[in-house]
Amino acid sequence: MAFDGVYFTLLMRNLVFLSILGLSAACTSPREAPTRAEQQVVEWSAIAGELRPGPDSGFVVDVEIQAAIVDGWHIYSLTQATGGLTPMTVKVAPSPPYSLAGPVTGPQAVKARDPNFNIETETYSGEAIFRVPVKLMSASTISVPPLEIRVRSQACSDRLCLPARTTTLTLQPKQGKA
């Protein structure tokens, strides 16, 4: 008889443990609390064109930056109005010798009313490519200093916004034959 009581107690403990484990798994959703790996929902890359003489003294190089945005997520546009969301910004460094040579341009943003924020938003999803004109004050025939493009953006899904993050892309402009 003692054996039956021990067996029953062990069986009940295991059932309670499995019930708690099952409830824990059912209540935990990785979409509600993203892991560190899931927070990388935007991948940035950049390509620098060839240096060419600028309108003033110095040189100009066109840089193309690309955002690859995970399905179900978006970032806010370069022209997103303020209201709690972080619009995309692009800066160049080191300054000097680099500076923006004009406005950053990109694809047409999708405009929609966001029910979560109750404001008009402008977003990019999927893949978005931007053109960044950069001026170099002077270039040596020996070397051109590396260029840093700093992109700040905020990624959101329909249920969650991640904190704004700055990504630094370092690249080397190509020296032309000029």
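My aim in this report is to walk through the structure given alongside it, one point at a time. (Residues numbered from 1 in each chain as written. Predicted model: local features only at pLDDT ≥ 70, side-chain atom pairs only at ≥ 80, totals over all residues. Heavy atoms only, no water.)

Using the criterion set out here, one finds one disulfide in the structure. Two residues, C156 and C161, share a disulfide whose sulfurs are 2.0 Å apart. Measuring handedness by torsion sign, the sulfur bridge of C156 and C161 sits at about 115° and is right-handed. Residue classification places C156 among the buried residues on the basis of a relative accessible area of 0%. (Disulfide = S-S within 2.5 Å. Buried < 20%, exposed > 50% of the residue type's maximum accessible area, 1.4 Å probe, protein only.)

This part covers the pairing of strand β9 (residues 127-136). Both strand β3 (residues 59-69) and β9 contribute to a ladder of 10 bridges, which runs antiparallel. Considered in β9, the bridge of F59 is made with L136. (Pairing = 2+ DSSP bridges. Helix = DSSP H or I, 4+ residues; strand = E, 2+ residues; numbered from the N terminus.)

Right, let's get into the packing of aromatic side chains. For the structure shown, the criterion picks out two aromatic pairs. Relative to F130, the ring of Y124 lies with its centre 5.1 Å away and its plane at 75°, an arrangement referred to as edge-to-face. The residues Y124 and F130 share a single accessibility class, namely buried. A network of ring pairs unites the aromatic residues W44, Y124 and F130 as a single cluster. (Phe/Tyr/Trp six-rings, centres within 6.5 Å; stacked < 30°, edge-to-face > 60°.)

What follows covers the sheet that holds strand β7 (residues 110-114). One open sheet holds the four strands; their spatial order is β7-β8-β4-β11, and the pairing between them is antiparallel. Where the open sheet ends on each side, the last strands, each with one partner, are β7 and β11 (155-156).

So, on to unusual backbone geometry. A cis amide bond links A93 to the next residue, P94, at an omega of -5°. A cis amide bond links S95 to the next residue, P96, at an omega of -10°. Locating P96 in the fold gives a position in the loop between β5 (89-93) and β6 (98-100). Notably, N118 is not glycine yet its phi reads approximately 60°, a positive angle.

By the definition in use, this model includes three salt bridges. Salt-bridge contacts for D62 lead to R131; the nearest nitrogen and oxygen are separated by 2.8 Å. Of this pair, D62 sits in strand β3 while R131 is found in strand β9, placing the two residues 69 residues apart along the sequence. As a salt-bridge pair, E148 and R150 come within 2.7 Å of each other at their nearest N and O atoms. Residue E148 is classed as partly exposed on the basis of its relative accessible area, which comes to 25%. The class for R150 is partly exposed, based on a relative accessible area of 36%. (Salt bridge = Lys/Arg side-chain N within 4 Å of Asp/Glu carboxyl O.)

In this fold, P53 is placed in strand β2 (residues 52-53). The sequence separation of P53 and S138 amounts to 85 residues, and the corresponding C-alpha distance is 9.7 Å.

Let us look at the sheet that holds strand β12 (residues 165-171). The strand order across the open sheet built from three strands is β5-β10-β12, with neighbouring strands paired in antiparallel fashion. Looking at which strands have only one partner, the edges of the open sheet turn out to be β5 and β12. Averaged over neighbouring strand pairs, the angle between their axes works out to 20° when direction is ignored. Note that β5 and strand β10 (residues 147-153) share five bridges and pair antiparallel. (Axes fitted to C-alpha atoms, helices over the stretch in contact; angles between N-to-C directions.)

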